[in-house]
Amino acid sequence: MAVSLNRRGICDFVSDEELTKIEPQVSLVTKQLEKQLENTGWHNLPRDFDKDEMKEILEAAAEVRTKADVFVVIGVGGSYLGAKAAIEWLRSSFYNEKETPKIYFAGTGCSPSYLNEIVNLCKDKEVYINVISKSGTTLEPAIAFRVFKKLLEQRYGTEEAAKRIFVTTDKAKGLLLKMAKESHYRRFVVPEAVGGRYSVLTPVGLFPMAVAGIDIEKIIDGAKEAFFHLSKENFWENESMLYAAYRNCFNRKGKRIELLIGFDPDFRFFAEWFRQLFAESEGKDGKGVFPVAQIYSTDLHSIGQFVQESGSLMFETVLDVKDIQNDMFLAEEKEDIDSLNFLAGKSLSFINRKIFEGAVQAHIEAGVPNIILEIPRLCEHEYGYLTYFFEKACALSALTLGVNPFDQPGVEAYKSKMFNLLGK
Ligand code: PA5
């Protein structure tokens, strides 16, 4: 089992009787989800992944890895978070300090200084671009694409620039598709029935990951294993159904804030991906659990105070990675000036584990339940598994709550006001 849900930090808060009561509802929505065709293209995707498409992604990534100094990935929300998360967690948050091509993410907002910085980093460098937008009309990436397209065309000429631009968008519609066809850019498809925040296991996430040297075949293998494990009908053996059930039970008890906890700074963008997935899927009609991401022990020195003494509205979901690679051991010093010799010979992962155990105990005593998701180790396979696990659990959690996990009507409100103000 790649991800298992440890219930020891929850049993005092949600009883098996409560789970038994919610089980029929979760089982029902699970069956509905598995039958539903619209917006659920992500569900069977790992099982049915097209080998030719995999080959195309790998070939394009190999070309970029050989030829580019800089690879600019342009996209926002679900069009970039999954890839950035994988690069930071599986390679390193110091990836760009150590590796080539440098990978910069643009179009994630409209900050001029941020965009200018990336443009400056492209100076005298061999640049390739991947612009990703399912709708092909999102403002922030469209602006960034205009800027980088011009940069490439001025540097290489239109024809040569086109060879350095990859477009990931819908198969049949959108402005970006029109531009790609007219300018003969190479294209990857976001499947019609896969929405932005469920698209990380399509070329949206896989192409940038492959450029970063991540083994994307193993990612899909892990997701495929998750697909089979999480297709089990038995509620008590299906971790995605259990997780959805617990979230709904906590929500009903007034615990409307979920803190996703990781113990490594490289986890920061995975948490961002998680936040987007759950917030955009569940936060509707006045309902939903508000997702927050924390890195411990860093945040134990800030938010930890709030959790301990004012956390009655919260529960925590803790990612417990068992086998830590790249460990470090504390050496013994002759003179114990810093009084740390009691830890001599201990690994940092051992100390981190004690921080984890201490935080879990203290928070549970303060009335903050802890769902512990145990992950054997962090590698491509488990990453694919975990990604699929959260996608399925999120859809089930939202459906159990009674909202549509696949739309985002609230996002449109600011857009229409903004376009009015911009005079469109
Ligand atoms: O989950 C979603 O649908 C959104 O977060 C989108 O991914 C995001 O708004 C970007 O949309 P698009 O890919 O159409 O540019």
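Residues numbered from 1 in each chain as written. Predicted model: local features only at pLDDT ≥ 70, side-chain atom pairs only at ≥ 80, totals over all residues. Heavy atoms only, no water.

Asks: Tell me about the nonpolar core, and name the residues and values.
Replies: The nonpolar side chains of a soluble globular protein tend to be buried with one another. Residues Phe207, Phe270, Leu319 and Phe390 are the most contacted members of the largest nonpolar core, which totals 95 residues. Looking at this core, the element that brings in the most residues is helix α16 (residues 380–401), giving 10 residues. Beyond its immediate chain neighbours, meaning those up to four positions away, Phe390 contacts Tyr243, Leu260, Phe270, Trp273, Phe274, Leu277, Phe278, Leu319 and Leu373. (Core = buried A, V, L, I, M, F, W, Y, C linked by side-chain atoms within 4.5 Å. Buried < 20%, exposed > 50% of the residue type's maximum accessible area, 1.4 Å probe, protein only. Helix = DSSP H or I, 4+ residues; strand = E, 2+ residues; numbered from the N terminus. Contact = heavy atoms within 4.5 Å.)

Asks: So what about the site of the ligand? Which residues, and what values?
Replies: Around the ligand there are 13 residues in total, and Ser79, Ser133, Ser135, Thr138 and Gln276 lie nearest to it. Contacts to the ligand include Thr138, whose side-chain N or O atom sits 2.5 Å from an oxygen atom. Here the ligand, which alone exposes 380 Å², has 87% of that area covered by the protein. Partitioning the shell around the ligand into residue classes produces 1 nonpolar, 9 polar and 3 charged. (Near = heavy atom within 4 Å. Polar contact = N/O pair within 3.5 Å; in protein donor to acceptor, adjacent residues only side chain to side chain. Areas by Shrake-Rupley, 256 points an atom, 1.4 Å probe, with all protein chains shown as cover. Nonpolar A, V, L, I, M, F, W, Y, C, P; charged D, E, K, R; others polar.)

Asks: How would you sum up the side chain of Lys149? Please name residues and give values.
Replies: Positionally, Lys149 belongs in helix α7 (residues 139–156). Residues contacting Lys149, with those up to four places away along its chain left out, are Ile129, Ile165, Met179 and Tyr185.

Asks: Which residues make up the environment of Phe389, and what are the values?
Replies: Topologically, Phe389 is positioned in helix α16. Counting along the chain gives 228 residues from Phe389 to Ala161, while the straight-line C-alpha distance between them is 39 Å. Those residues in contact with Phe389 that lie beyond four places of it in its chain are Leu230, Glu239, Ser240, Tyr243 and Leu373.

Asks: Before we move on, can you summarise the packing of helix α1 (residues 16–35) against helix α12 (residues 239–252) with the specific residues and values?
Replies: The interhelical angle for the contact between α1 and α12, taken along N-to-C directions, is 120 degrees, at an axis separation of 9 Å. In terms of axis orientation, α1 runs oblique to α12. For the pair α1 and α12, the crossing hand works out as right-handed. Facing α1, whose interface residues are Glu18, Leu19, Ile22, Gln25, Val26, Ser27 and Thr30, α12 presents Met241, Leu242, Ala245, Tyr246, Asn248, Cys249 and Arg252. (Axes fitted to C-alpha atoms, helices over the stretch in contact; angles between N-to-C directions. Parallel < 35°, antiparallel > 145°, perpendicular 65-115°, else oblique. Left-handed = near helix turned anticlockwise from the far one by under 90°.)

Asks: Which residues make up α7, and what values do they have?
Replies: With 18 residues, α7 should reach 26 Å at 1.5 Å per residue; the first-to-last C-alpha distance of 26 Å fits that figure. Restricting attention to buried positions, one finds in α7 the residues Glu140, Pro141, Ala144, Phe145, Phe148, Lys149, Leu151, Leu152 and Tyr156. Projected down its long axis, α7 shows its buried positions confined to an angular sector of 160 degrees, all on one face. Every exposed residue of α7 that faces more than 90 degrees away from the buried side is listed here: Arg146, Lys150 and Gln154. Gly157 occupies a position one or two residues after α7 and carries a positive phi of about 85 degrees. (Expected span 1.5 Å × (residues − 1). Arc of directions from axis to C-beta.)

Asks: If you had to explain the pairing of strand β5 (residues 165–169) to someone new, which residues and values would you point to?
Replies: Working note: regular strand, side chains alternate between the two faces of the sheet. Here β5 lies mainly inside the structure; 5 of its 5 residues are buried. Burial along β5 is two-sided: the face carrying Ile165, Val167 and Thr169 and the face carrying Phe166 and Thr168 are both buried. Bridge count for strand β4 (residues 127–132) against β5 is 4 bridges, and the pairing is parallel. Of the residues in β5, the one forming a bridge with Ile129 is Ile165. Sheet topology note: the β5/strand β6 (residues 186–189) ladder contains 4 bridges and is parallel. Bridge pairing in β6 places Thr168 opposite Phe188. With helix α9 (residues 175–183) bridging β5 and the parallel β6, this β-α-β connection has right-handed handedness. (Pairing = 2+ DSSP bridges. Right-handed = clockwise from strand over helix to strand, strands pointing away.)

By themselves, these figures tell us nothing about what the structure is for.
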